[in-house]
Amino acid sequence: MNQARSTPFNKAAMHGALILYTLIALFPVFVILINSFKTRRAIFREPLSLPDADSFSLIGYQTVLKQGDFFLYLQNSMIVTVASLFFVLLFGAMAAFALSEYRFRGNMWMGLYLALGIMIPIRIGTVAILDMMVATGLVNTLWALILVYTAQGLPLAVFILSEFMRQVSDDLKNAGRIDGLSEYTIFFRLVLPLVRPAMATVAVFNMIPIWNDLWFPLILAPGEETKTLTLGSQVFIGQFVTDWNAVLSALSMAILPVLLLYVIFSRQLIRGITSGAVK
Amino acid sequence: MQTRRIRWHIAVFLAPAVIVYTAVMIFPLFNTLRLALFSRIDQERVFVGLQNFRTLFFDPIWAEQFWNALGNNFWFFIIHMLVQNPIGIALAALLSHPRLRFAALYRSAIFIPTILSFVIVGFAWKLILSPIWGIAPGILDAVGLKSLFAPWLGKEDYALTTLALISVWQFVGIPMMLIYAALLSIPEEILEAGEIDGIVGASAFWKIKLPLILPSIGIISILTFVGNFNAFDLIYAAQGALAGPNFSTDILGTFMYRTFFGFQLQLGDPHMGSAIAGAMFAIILIGVCIYLFGIQTRMRRYQL
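### Points about the overall build of chain A
Helix and strand content of chain A: 13 helices and zero strands. Start at the N end of chain A and walk to the C end: the helices and strands fall as α-α-α-α-α-α-α-α-α-α-α-α-α. Taking 19 Å as the expected radius of gyration for a compact globule of 279 residues, we find that chain A reaches 24 Å, considerably beyond that expectation. Looking at chain A residue by residue over its 279 residues, the buried ones come to 54%. Restricting to contacts in chain A with at least 6 residues of sequence separation, those with at least 24 account for 71%. Roughly 13000 Å² of accessible area belongs to chain A as shown, and the carbon and sulfur atoms make up 66% of that amount. A gap of 8 Å separates the mean positions of the 19 positive and 15 negative side-chain charges of chain A.

### Quick look at the pattern of salt bridges
Summed over the entire model, instances satisfying the criterion amount to nine salt bridges over all chains. Put simply, R166 of chain A and E163 of chain A hold a salt bridge, and the shortest N to O gap is 3.6 Å. Under the relative-accessibility criterion, E163 of chain A is labelled partly exposed at 42%. Between R258 of chain B and D250 of chain B there is a salt bridge, with the nearest N and O atoms lying 2.9 Å from each other. The same class applies to R258 of chain B as to D250 of chain B, namely buried. Through salt bridges that share partners, E101, D170, K173, R177 and E183 of chain A make up one connected network.

### Brief notes about the packing of aromatic side chains
Counted under the stated rule, the structure contains 38 aromatic pairs over all chains. Relative to F187 of chain A, the ring of F97 of chain A has its centre 5.1 Å away and its plane inclined at 45 degrees; by these criteria the two rings are tilted. Pair noted here: F97 of chain A is in helix α4 (residues 70-101) and F187 of chain A is in helix α9 (residues 183-194), with a separation of 90 residues, a long-range link. Here F57 of chain B and W67 of chain B contribute two aromatic rings whose centre-to-centre distance is 5.9 Å and whose plane-to-plane angle is 35 degrees, an arrangement assigned as tilted.

### Comments concerning unusual backbone geometry
Residues and elements named next belong to chain B. In this structure, F102 takes a positive phi of about 65 degrees despite not being glycine. On the secondary structure map, F102 appears in the loop between α3 (60-95) and α4 (103-115). Of note, F247 is a non-glycine position whose phi angle comes to about 60 degrees, a positive value. Inspection of the secondary structure puts F247 in the loop between α11 (233-239) and α12 (252-261).

### Thoughts on the interface of chain B and chain A
In this complex, chain B contributes 93 residues to the contact, which on the side of chain A involves 92 residues. For the pair chain B and chain A, the summed buried area comes to about 8600 Å², and 78% of that belongs to carbon and sulfur atoms. In this structure, the connection of chain B to chain A is made through one salt bridge. Between D233 of chain B and R123 of chain A there is a salt bridge, with the nearest N and O atoms lying 3.0 Å from each other. Viewed at the interface, chain A and chain B are joined by 15 residue pairs in polar contact (both at pLDDT 80 or more).

### Digging into the domain arrangement of chain A
Examined at the domain level, chain A breaks down into domain 1 (3-62) and domain 2 (68-239). The gap between the C-alpha centroids of domain 1 of chain A and domain 2 of chain A is 37 Å.

### Regarding the packing of helix α5 (residues 107-119) of chain A against helix α7 (residues 142-165) of chain A
How two helices pack is summed up by the angle between their axes together with the distance between the axes. All names here are of chain A. With their axes 7 Å apart at the nearest point, α5 and α7 run at an angle of 120 degrees to one another. With respect to α7, the element α5 is oriented oblique. The two elements α5 and α7 cross, and the hand of that crossing is left-handed. For the pair α5 and α7, contact is made by L114, G117 and I118 and by P155, L156, V158 and F159, respectively. Its residues assigned to classes, the contact of α5 with α7 shows six nonpolar, one polar and no charged.

### Concerning the environment of I186 of chain B
Residue and element names in this part refer to chain B. Of note, I186 is situated in the loop between α8 (173-184) and α9 (188-196). Residue I186 is classed as buried on the basis of its relative accessible area of 6%. Along the chain, I186 and W125 lie 61 residues apart, while their C-alpha atoms are 38 Å from each other.

### Here we look at the nonpolar core
Generally speaking, nonpolar side chains in soluble globular proteins are found buried as a group. All names here are of chain A. Core analysis: the biggest nonpolar cluster contains 192 residues, and V148, F216 and L220 have the highest contact counts within it. No other element matches the 16 residues that α4 contributes to this core. When residues of this core are assigned to domains, at least three map to each of domain 1 (3-62) and domain 2 (68-239). Aside from chain neighbours lying at most four places away, what touches F216 is I122, R123, T126, I129, L145, V148, Y149 and A221.

### Quick look at the environment of P270 of chain B
Among the secondary structure elements, P270 of chain B is positioned in helix α13 (residues 270-296). For P270 of chain B, a relative accessible area of 29% gives the class partly exposed. For the pair P270 of chain B and F225 of chain B, spaced 45 residues apart in the sequence, the C-alpha separation amounts to 25 Å. What P270 of chain B contacts, discounting residues up to four positions off in sequence, is V127 of chain A together with F260 of chain B.

About the criteria used
Residues numbered from 1 in each chain as written. Chains lettered and ligands numbered in written order. Predicted model: local features only at pLDDT ≥ 70, side-chain atom pairs only at ≥ 80, totals over all residues. Heavy atoms only, no water. Helix = DSSP H or I, 4+ residues; strand = E, 2+ residues; numbered from the N terminus. Rg over C-alpha atoms; globule rule 2.2 N^0.38 Å. Buried < 20%, exposed > 50% of the residue type's maximum accessible area, 1.4 Å probe, protein only. Contact = heavy atoms within 4.5 Å. Areas by Shrake-Rupley, 256 points an atom, 1.4 Å probe, with all protein chains shown as cover. Lys, Arg positive; Asp, Glu negative; His and termini not counted. Charge placed at Lys NZ, Arg CZ, Asp CG, Glu CD. Salt bridge = Lys/Arg side-chain N within 4 Å of Asp/Glu carboxyl O. Phe/Tyr/Trp six-rings, centres within 6.5 Å; stacked < 30°, edge-to-face > 60°. Buried area = accessible area lost by both parts, 1.4 Å probe. Polar contact = N/O pair within 3.5 Å; in protein donor to acceptor, adjacent residues only side chain to side chain. Domains from an automatic or database assignment. Axes fitted to C-alpha atoms, helices over the stretch in contact; angles between N-to-C directions. Parallel < 35°, antiparallel > 145°, perpendicular 65-115°, else oblique. Left-handed = near helix turned anticlockwise from the far one by under 90°. Nonpolar A, V, L, I, M, F, W, Y, C, P; charged D, E, K, R; others polar. Core = buried A, V, L, I, M, F, W, Y, C linked by side-chain atoms within 4.5 Å.

Okay, structure coming up:
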């Protein structure tokens, strides 16, 4: 069918271009990872060779584990990310259900109001957010971050989820109503399970920006007890600029959790983007 | 539906989202704009009207920094538009080719930089471009271009462009994915109709596909705009809050951070910080409005 569009030469050129770009994309990550396992001398002598029996060393990782509270930071990042995603999904789905299911006065305005935040970054309001967190004593707690990320994620979540909830069949919901189910039961028992794929999409979209954010942890929760992994590695690396083993190992340890998340969720992420959820 | 009964469940469903969103996002946004109209004089918060903005735009010390940051920010944005989006479109065009083998593998690999945090990206490139380590000069040497090497991140002339290109490297995955999705949604019949008329290969891309994906390119442009004028993390991670060398990589995000939070010898000034946030808000709002009313409504949409 598509014979006219693909000659062997074209195919080769296309693969060539894609392989070249894939190398550009992966090269820095690769260099960091392999050098984190080498001795200091090997890092400088042969930066591009794989670690071998001679040059293999874990000294950098030892420094990182001794000096930084890596596991505490990792735990903080996980708590913040999981809790924010939970609230974004729960509150977002509830609001999306109200907007897509019921006709009431102000429905359209409410939808527009909630959609405003899709385009306007929450960072603009940082000065007042910090004021508010200081006033309520939430500064340097993980709650400050969870609240901010929940607010940041809600607009897009409501927008995407209400699109999907409009497609849930009315007959099903009405059948539930005739059987005497309350509106809450209809939402939790009938509608939520049906929009689970859309919820997964929203979760994956929100997960990476929350995990990687540096701005709000730096401003709202810079204390030792509440540092996230992103902020923790920034501070740690800043202190150890001259200890290349430690810096490379810290970078690798920061890369690994995200890479792991990506491997687990990449199908969901790519399906989410390509299914046109953000069109 | 019965008459005039208050349907409390609607309120219950809406309340949590509306309360959190209003309290943590909308209210602080307006409160920040309000704070920009005040100043702290002798420990008292005093209403000063637009004085902060006058200082920001015209006072020699402030204005120099502000226009520098704004200009840098525009350059940052222009590089993204000229490099990131064309590369993203080209990659998507290649990937969307029917029956291309390993397409999923390329796609996942090219998207990896996008999921990494700015901290990782900033430091990784800093190490790679560092003259001490010698990876970048070594590679240039291998292709016979060693004379081109310079400590790019350390030179005032190149640092901002280098950082913009690093950011492009990181985010190319997003336009690639969105355009890829748009290209996949073009029905096969249209391309086959073109084929019958003899439009194949590159000209099929320029004459058929590109006009059809223009709306997606518009969305990518506005996402890039908002993202760039809100950027902070990469510059902070790579160059610190002083956005060195000599403020040559200072953009609005780092300028605002330094101003309102304070850095080293400079004391934090939340009111001037709010004024900068106000300026950023205005710039983003203008950009979004130009897109919504100037571009999106005029763009021809084809019914597929």
